[in-house]
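In case you want the letters, here they are:
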Amino acid sequence: MTVLPSDFAAAMERLWTVKLGNVAGPAFRELWTRMGETFHLAIRQNMKASALSIAPAWQVLAPEMGVGKTQGALLYLAMMAKASRKFSPPLRIGGLFVARTIQQCEDAARTINELAGFEAAITRHSSNAVTLRECGRFPVVVITHAAVTQSWAQSYSGIVDIYESWEGGRRCLVIIDEALANAVEFHSVDEGSLHRVLGLRVSAEFKAKHRQAFAAVSSMLDFFKAVSSRVEEISPIWSEQDPLSSG
């Protein structure tokens, strides 16, 4: 049901050279094969996952610019949707593509549909009124980064849960195009908060059970104190450093 990496690499080379008018070589073919293998692995892992299992780790593709990462992702989704039509529900595989802007979502869905040769993808964002029921008719749904980050603010894996199923089966491939903005939460710690943690009135049994955690907090506090006491020594050192120096 998945697309073979070799088939994807061959199709990508045709798209890259014939349709897009670019030049390809061995390095490109090797990269596209690796992309196909990564997508193939992600699908296999998600197919095996269950509600009781730990979610598989995200696969990260970070090749140089100008090698067709986005085009390759859209082509793979189109090929996957087309190949899945050979099977009956619920054995068809679907995907979710996440783009940065609404316009990129529309462009991505249009490209997937052109490459697949049928309406395989639909967009869902704040500028259209597409329902989840309507999304269920399509193997590929395209949404924005904002939809993902807002969903995760409410539920850690909410976005995957919402779009996981469609009328053909499961969406086993989630591709996020470009790094997500605002997807990471930042927290700060100071000496006072560490003192409060270590000063909590907890039982000896609790401390013994979480000995490693308490030791880590204690070590962090010692580090903070050491740095604080040396600020006056460190500041002149930094001011004398050449900004471009490896030191």
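Residues numbered from 1 in each chain as written. Predicted model: local features only at pLDDT ≥ 70, side-chain atom pairs only at ≥ 80, totals over all residues. Heavy atoms only, no water.

Novice: How should the environment of Ala-11 be read in this particular structure?
Specialist: On the secondary structure map, Ala-11 appears in helix α1 (residues 5-19). Distance in space between the C-alpha atoms of Ala-11 and Gly-72 is 9.3 Å, their sequence separation being 61 residues. Look past the residues within four positions of Ala-11 in its chain and what remains in contact with it is Leu-75 and Met-79. (Helix = DSSP H or I, 4+ residues; strand = E, 2+ residues; numbered from the N terminus. Contact = heavy atoms within 4.5 Å.)

Novice: Got a minute to help me understand the sheet that holds strand β5 (residues 169-176) in this structure?
Specialist: Note on sheets: strands pair through backbone hydrogen bonds, and any given pair is parallel or antiparallel. Pairing is mixed in the open sheet, where 5 strands are placed in the order β2-β3-β1-β5-β4. Edge strands, defined here as strands with exactly one partner in the open sheet, are β2 (121-123) and β4 (165-166). Here β2 pairs with strand β3 (residues 140-144) via 3 bridges, running parallel. The residue bridging Ile-122 from the neighbouring strand is Val-141, located in β3. Sheet strands touched by helix α2 (residues 26-48): β1 (92-99) and β5. Its angle to β5, the strand with the most contacts, is close to 135°. Its contacts with the sheet put helix α3 (residues 69-84) on β1, β3 and β5, and the angle it makes with β1 is roughly 155°. (Pairing = 2+ DSSP bridges. Axes fitted to C-alpha atoms, helices over the stretch in contact; angles between N-to-C directions.)

Novice: Would you mind showing me how to read the environment of His-125 here?
Specialist: Structurally, the position occupied by His-125 is in the loop between β2 and α5 (132-135). Exposure remark for His-125: the relative accessible area of 11% places this residue in the buried category. In this structure the C-alpha to C-alpha distance between His-125 and Thr-101, which are 24 residues apart in sequence, comes to 9.4 Å. Those residues in contact with His-125 that lie beyond four places of it in its chain are Ile-102, Cys-105, Glu-106 and Thr-144. Here Glu-106 takes part through its side chain, which lies 2.6 Å from a polar atom of the side chain of His-125. (Buried < 20%, exposed > 50% of the residue type's maximum accessible area, 1.4 Å probe, protein only. Polar contact = N/O pair within 3.5 Å; in protein donor to acceptor, adjacent residues only side chain to side chain.)

Novice: So what exactly am I meant to see when it comes to a nonpolar patch on the surface here?
Specialist: Taken together, Val-197, Leu-200, Val-202 and Phe-206 make up a surface patch of nonpolar side chains, about 300 Å² in accessible area. With respect to the element layout, Phe-206 can be found in helix α9 (residues 204-209). Residue Phe-206 is classed as partly exposed on the basis of its relative accessible area, which comes to 38%. (Patch = residues over 30% accessible without salt bridge, like charges linked within 9 Å, V, L, I, M, F, W, Y side chains within 5 Å. Areas by Shrake-Rupley, 256 points an atom, 1.4 Å probe, with all protein chains shown as cover. Salt bridge = Lys/Arg side-chain N within 4 Å of Asp/Glu carboxyl O.)

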